[in-house]
Structure formats: C-alpha cells, structure tokens
Amino acid sequence: MGKKLKHLFEITKWLFLIIFSLCLVGCGGISDGEYTASVVMTGGSGKAYIESPCKVTVTDGQATAHLVWSSPNYDYMIVDGDTYYPVNKEGNSEFDIPVTLGKEMKVQADTTAMSTPHLIEYTLLITLDDSASDETMDSYSESAEGTDSDSQIIKTSMDPPNIEGLTYIETDKNAYATCFKIHRYEDGYLVISIDDGRHYLLIPEGKDIPDDISADISMGSLDSQERIIPLYMPLDSIYLAASGAMCHFDSIGAVSAITMSGIEADDWYIDSAREAMNSGSIVYGGKYSAPDYEQIVMSDIDLAIENTMILHVPKVQEKLEQLMIPVFIDRSSYEEDPLGRCEWIRVYGAMTGLEDEASLSFDKQVRSVESLDLDNINGKKVAIFSINSNHQIVTRSSEDYFAKMVEMAGGTYLGPESDMNSTSQMTISIEAFYEYALDADIIIYNQAIEDAPSSLEELIKTDATFADFKAVSTGDVWCTDKSIYQSSDKIGTIIENLYAIIMDQKEETDFFYMLK
C-alpha cells in the first residue's frame, strides 16, 4: 500500500507542476504575506530616522510598510500625492504606507518638532532581507522568528500519536529542547512531534505506511492543526531553506542528503556546503519565499526543510504540499535554552539514520559548557552591537539567546528590555546604546549583520562617542566571526569562547577575535 501511495504522489506532483507552470506564467512579483525589510532613509537634517528592519505586508501584490519614526512629532506623511496619518496615538509616530520594494521612492513627512510645522522630503529605499530566516542562526531571520510568526501557531501536545497498526515503545528524553519530541515504535518506525502540531512519521526503508492511517494523512491541506506526515526513508534528496540547519547535517556527515539549497554558495560559511554547491552536488533552488517549483519536482525532492519565515508566505508552503513535497518547519529558534537549539541535531540525526553521530556531537557541546569553572568568575559586563547604514545600533534584547550564552559563560549581559511585541533583535539610537553600554567591560561587534570596522580607530570614526566607552579605552572590543549564525551545532563551543573572553584567556577564539 505504501509503495503504491508514494507512486501516486509522484504522478500527482507532475500534474500539479503543469498546473502551477501555467498559473505562474506572467505572474511576477512577490507572494502575499508578511516580510522583514531593511529601511535606508536619506534627506532631512539627519537627526530623525525610521527604525530598521520594518514589517512589510504584501496583499494582492501591493506592499505596505509599517514605519516607526524615531520621534512622536510626525503628524502625517505624503506618498504619491496621498496623505497618510499615524496609526498609533502614543509613542513615536507610526505609519502604514504603500511602498515599492527595492527602488528609491520620494516621500514627505510633516514634523511639529520645530516652532512651526515643517514638511520635509525624504528618500526611502526598502528592501526585503534575503537573509531572513534564517531564525537561523541567521541573524535577521531570528529577529523575525519567535515573534510575529509565532502568533500564527497554536502550540499543541507533543504526546505520541496513537497510530493503528504501529506499537508505541517509548519517547526519548530531551536534555534541553522543548519544541520537539522523538517517539519510537516497533519495527524501527519513528515519529518526530513538533509543538506546532505536526507529527512526522519516519517510515524505515523497505517498510510500508500503515494501511489504517493512509486516509488520515493530510498532505495537501493546511486546514487541520494536528497532522501526521509520512517521510519515507532514506531522505536523500532534501531542499534545505532553513540555512541554520545545515550545520547539523555537516556535523553528522550528512550534507550529501541535501540536493537543493535556499541560499547561494557564497552565502555559506560551512565549507562542506559551499564546496558541494561549487561542485554541483547541491544546487540553488530559490530562497524560501520564491522556490523553483519546477526544479524541486525535477530533483525528486523528498522533503523541504524550512524555518518559520515560511509562515509569512503561506502560499509557498501550500504549493509545496500540493506538489506532495512534505514541509518540515524547524522551530529551533524558539528554544529558550541555547543548548536546546543545539539539541535539534537529534532531529536531523533521526531523519538521516545517524542518531549515534548526532548524540556524540551534542554531548560534546554539553560537556564544553559543563566543564567551565564559574565558581570564581569575574562577571564582566558584556554588550553586543553593530552599526547599520542609518547610523543606528542593532543589538540583542536582554531576553535573547545570545544574552543567555553570555550569562552561561559567567558574564553579565547589558541590553535593552524587550516588550511582547519586540523582536530579539532591536534597533536603537547610538545615544540609547551609550546610556547602558558606556561602562560595559566588553563590547562585541556582531559582524554577522554588518561588516565590522577594521580597527578601534575606524570604530571611533563612525561615531566619536565610542571613544568614551570603557571597553574601547581598555581595548576589550571583540568581533564575531561571520559564521557564528550558521553554527548552532557548536553552541557549547561559542559559550566556551565567551568564557575565554571574559576570563582574559585569549585574543582570538573559534568564533570571536579582538579588534585592535
């Protein structure tokens, strides 16, 4: 029964591909949904700015940006001759305006901050963040993950599903992760349950899907919250759009299971992934929001692994599933404990039949953290930042997983408090950063977002106030390696590196180097 069902799926894939090819001809533009976009603004005195990134909503092909000004004094904006008023009554002025993505556009904004109102002309350039979601550990993707997209998910029980025809044995005990569970059944069947309500049934090679659940499997509908999705082993032709998961495949020696990537070769900092793309064993299959459906079907993809940014483009997810491509949504960025993110390697170990390798890799990272001597730690104060093109500070909130890694390494993280509507990544003024990070013992430039200055002198040139920072005067300014957000399999190593920085043990580690 299972082989016949899979054969039927293959035939149905081709039928849907023909339909989609006809539907997509001449249909340019971006899919409807919510996106994260960067904002570059020029004009005016340079004192005011618009927060970046911003949220962009696309409906029927029209993009609308939610813009948050740095001041409460803007009472209206003019776009293409139409007037728009603030959508909020308190706090800094917020507007919802139509925008053209990727092209400079002229707007006007009226400010009452001066003695008389002034209508000022600005130029905006709003572009979608291609790196977004990345949550994984792609930095911009994580700024979007865990917030807006999470509101679309009603978390459900991860209890083992009762599957007629299969005998349940036990559930693995997780050490830190809370967003997945692995259930074991007789004859080698596994179920990976995710807290978004999806249960992935891993069917051993040569085995069939139980006849009793064939009719209940939901592959082409997003209507039901809880679903059992069959995955036929071996999974050796995967479209990986969740770039943060590649490190787990690399760590267990399973990169060969990936045949299509959601990012280009030059965007990989994992050697095996970049080499595989350069050799052609992994090909670019389009980013998560615009996959190459024809190529996906031609490549006979077994599984599409996405991060939660796919929830912002539900039509893409629906199309993949209508083409009988199972969609697995990685929710590792929602783990509260940093080691919980690392533990997701066990999920991919189960998918590739390399569970022992996954356990060894994960246990090594746990031991790295457990071996740290925190009894006599000095508890230095640490802040993380980068400087964007609007001359603003991009930092991580005090509730972010990076803050938790600093605390686990024996440091004290300094960061802005986030409210329920904020992302873990926050954009603030240099003045606001100055207020809480001036006396930080260590400041770390997050090069994964913006290229770091080449020296302390160049950092000070970006803004003279950096010369006043304690960390700058003592030379305790560090930069992250660009690979850090593609390395969630090495969370323990990253924490160990932070410990070495806090304890003044090294000037360069695996993931950090000192700026001089």
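The sections below set out a description of the structure shown in this document. (Residues numbered from 1 in each chain as written. Predicted model: local features only at pLDDT ≥ 70, side-chain atom pairs only at ≥ 80, totals over all residues. Heavy atoms only, no water.)

**Looking at the pairing of strand S11 (residues 190–194)**
Okay, so step 1: Of all five residues in S11, five are buried; the element is thus mostly enclosed.
Okay, so step 2: Alternating positions in S11 separate into two faces, Leu190, Ile192 and Ile194 on one and Val191 and Ser193 on the other, with burial throughout.
Okay, so step 3: Where strand S10 (residues 180–185) lies against S11, five bridges are found, and the strand directions are antiparallel. Directly across from Lys181, in S11, lies its bridge partner Ser193.
Okay, so step 4: Counting the residues in the hairpin turn of S10 and S11 gives four residues, including Asp187, whose phi is positive at 70 degrees.
Okay, so step 5: Sheet topology places S11 next to strand S12 (residues 198–203); four bridges connect them, and they run antiparallel. Looking at the pairing, Ile192 lines up with Tyr200 of S12.
Okay, so step 6: The hairpin turn running from S11 into S12, its antiparallel successor, is three residues long, and Gly197 in that turn takes a positive phi close to 100 degrees. (Buried < 20%, exposed > 50% of the residue type's maximum accessible area, 1.4 Å probe, protein only. Helix = DSSP H or I, 4+ residues; strand = E, 2+ residues; numbered from the N terminus. Pairing = 2+ DSSP bridges.)

**Focus on the sheet that holds S10**
Okay, so step 1: Ordered in space as S9-S10-S11-S12-S13, the five strands form an open sheet in which the pairing is mixed. Strands with a single pairing partner mark the edges of an open sheet, and in this sheet they are strand S9 (168–171) and strand S13 (227–232). Within the sheet, the average angular offset between the axes of one strand and its neighbour, ignoring direction, is 25 degrees.
Okay, so step 2: Strand contacts of helix H9 (residues 345–352): S10, S11 and S12, with the helix running at about 35 degrees to S10, the strand carrying the most contacts. (Axes fitted to C-alpha atoms, helices over the stretch in contact; angles between N-to-C directions. Contact = heavy atoms within 4.5 Å.)

**Topic: the pattern of salt bridges**
Okay, so step 1: Enumeration according to the criterion identifies 15 salt bridges in this entry.
Okay, so step 2: For the salt bridge of Arg184 with Glu355, the shortest nitrogen-to-oxygen distance reads 2.5 Å. Here Arg184 is found in strand S10, whereas its partner Glu355 is found in helix H10 (residues 355–370), with 171 residues between them in sequence.
Okay, so step 3: Looking at Arg184, the relative accessible area reads 21%, which means it is partly exposed.
Okay, so step 4: Here Asp504 ties to Lys380 by a salt bridge, and the two come within 2.7 Å at their closest N and O atoms. One end of the pair, Asp504, is in the loop between helix H15 (491–502) and strand S25 (512–514); the other, Lys380, is in the loop between H10 and strand S19 (381–387), and 124 residues separate them in sequence.
Okay, so step 5: Judged by its relative accessible area of 16%, Lys380 falls in the buried class.
Okay, so step 6: In the salt-bridge network here, residues are joined through shared partners; they are Asp172, Arg184, Glu343, Arg346 and Glu355. (Salt bridge = Lys/Arg side-chain N within 4 Å of Asp/Glu carboxyl O.)

**Topic: the packing of aromatic side chains**
Okay, so step 1: One pass over the structure, following the stated rule, counts 17 aromatic pairs.
Okay, so step 2: Residues Phe180 and Trp344 carry aromatic rings whose centres are separated by 5.2 Å and whose planes lie at 70 degrees to one another, so their mutual orientation is edge-to-face. You can see Phe180 sitting in strand S10 and its partner Trp344 sitting in the loop between helix H8 (338–342) and H9, a full 164 residues away along the chain.
Okay, so step 3: Arranged with centres 6.1 Å apart and planes meeting at 80 degrees, the rings of Phe328 and Tyr348 form a pair that is edge-to-face. Taken together, the residues span a long stretch of sequence, with Phe328 in strand S18 (residues 327–330) and Tyr348 in helix H9 at a distance of 20 residues.
Okay, so step 4: On the basis of relative accessibility, which here comes to 0%, the residue Phe328 falls in the buried class.
Okay, so step 5: A cation over a ring is seen here: Arg331 above Tyr334, with NZ or CZ 4.2 Å from the ring centre.
Okay, so step 6: The ring of Tyr401 carries Arg341 above its face, with NZ or CZ at 3.7 Å from the centroid. (Phe/Tyr/Trp six-rings, centres within 6.5 Å; stacked < 30°, edge-to-face > 60°. Lys NZ or Arg CZ within 6 Å of the ring centre and 35° of its normal.)

**A word on the packing of H9 against H10**
Okay, so step 1: Remark: H9 packs on H10, axes separated minimally by 7 Å, with the N-to-C direction vectors making an angle of 165 degrees. With respect to each other, H9 and H10 are oriented roughly antiparallel. In terms of crossing hand, the pair formed by H9 and H10 is right-handed. Here Ile345, Arg346, Gly349 and Ala350 of H9 lie close against H10, whose contacting residues are Glu355, Ala358, Ser361 and Phe362. (Parallel < 35°, antiparallel > 145°, perpendicular 65-115°, else oblique. Left-handed = near helix turned anticlockwise from the far one by under 90°.)

**Quick word on the side chain of Ser332**
Okay, so step 1: In this fold, Ser332 is placed in the loop between S18 and H8.
Okay, so step 2: There is a polar contact of 2.6 Å between the side chain of Ser332 and the side chain of Asp330. (Polar contact = N/O pair within 3.5 Å; in protein donor to acceptor, adjacent residues only side chain to side chain.)

**Overview of the sheet that holds strand S7 (residues 104–111)**
To summarise the sheet geometry, strands pair through backbone hydrogen bonds and adopt either a parallel or an antiparallel arrangement.
Okay, so step 1: One open sheet accounts for eight strands, arranged S5-S4-S7-S8-S1-S2-S3-S6; its pairing is antiparallel. The strands lining the two open edges of the sheet, one partner per strand, are strand S5 (82–84) and strand S6 (94–99). Pairwise comparison of adjacent strand axes, ignoring direction, gives a mean angle of 35 degrees for this sheet.
Okay, so step 2: Examined bridge by bridge, strand S4 (residues 74–79) and S7 share four bridges and lie antiparallel to one another. Bridge pairing in S7 places Tyr76 opposite Asp110.

**Remarks on the pairing of strand S17 (residues 303–307)**
Okay, so step 1: Taking burial as the measure, the five residues of S17 include five buried ones, the bulk of the element.
Okay, so step 2: Residues Leu303, Ile305 and Asn307 point to one face of S17 and Ala304 and Glu306 to the other, with burial holding for every one of them.
Okay, so step 3: Relative to S17, strand S14 (residues 238–240) runs parallel, the two being bridged by three bridges. Opposite Leu240, over in S17, you have Ile305 as the bridge partner.
Okay, so step 4: Both S17 and S18 contribute to a ladder of four bridges, which runs parallel. By the bridge assignment for S18, Glu306 is matched with Ile329.
Okay, so step 5: Following the chain from S17 across helix H7 (residues 314–322) to the adjacent parallel S18, one finds a crossover that is right-handed. (Right-handed = clockwise from strand over helix to strand, strands pointing away.)

**Here's the deal with helix H5 (residues 271–279)**
Okay, so step 1: Burial in H5 covers these residues: Ala273, Ala276 and Met277. Looking down the long axis of H5, one finds its buried residues gathered within 95 degrees of arc, a one-sided arrangement. Structural note: H5 exposes Glu275, Asn278 and Ser279 on the side pointing more than 90 degrees away from its buried face.
Okay, so step 2: In the core, the buried residues of H5 are packed alongside helix H4 (246–251), strand S15 (258–261) and strand S16 (283–284). (Arc of directions from axis to C-beta.)

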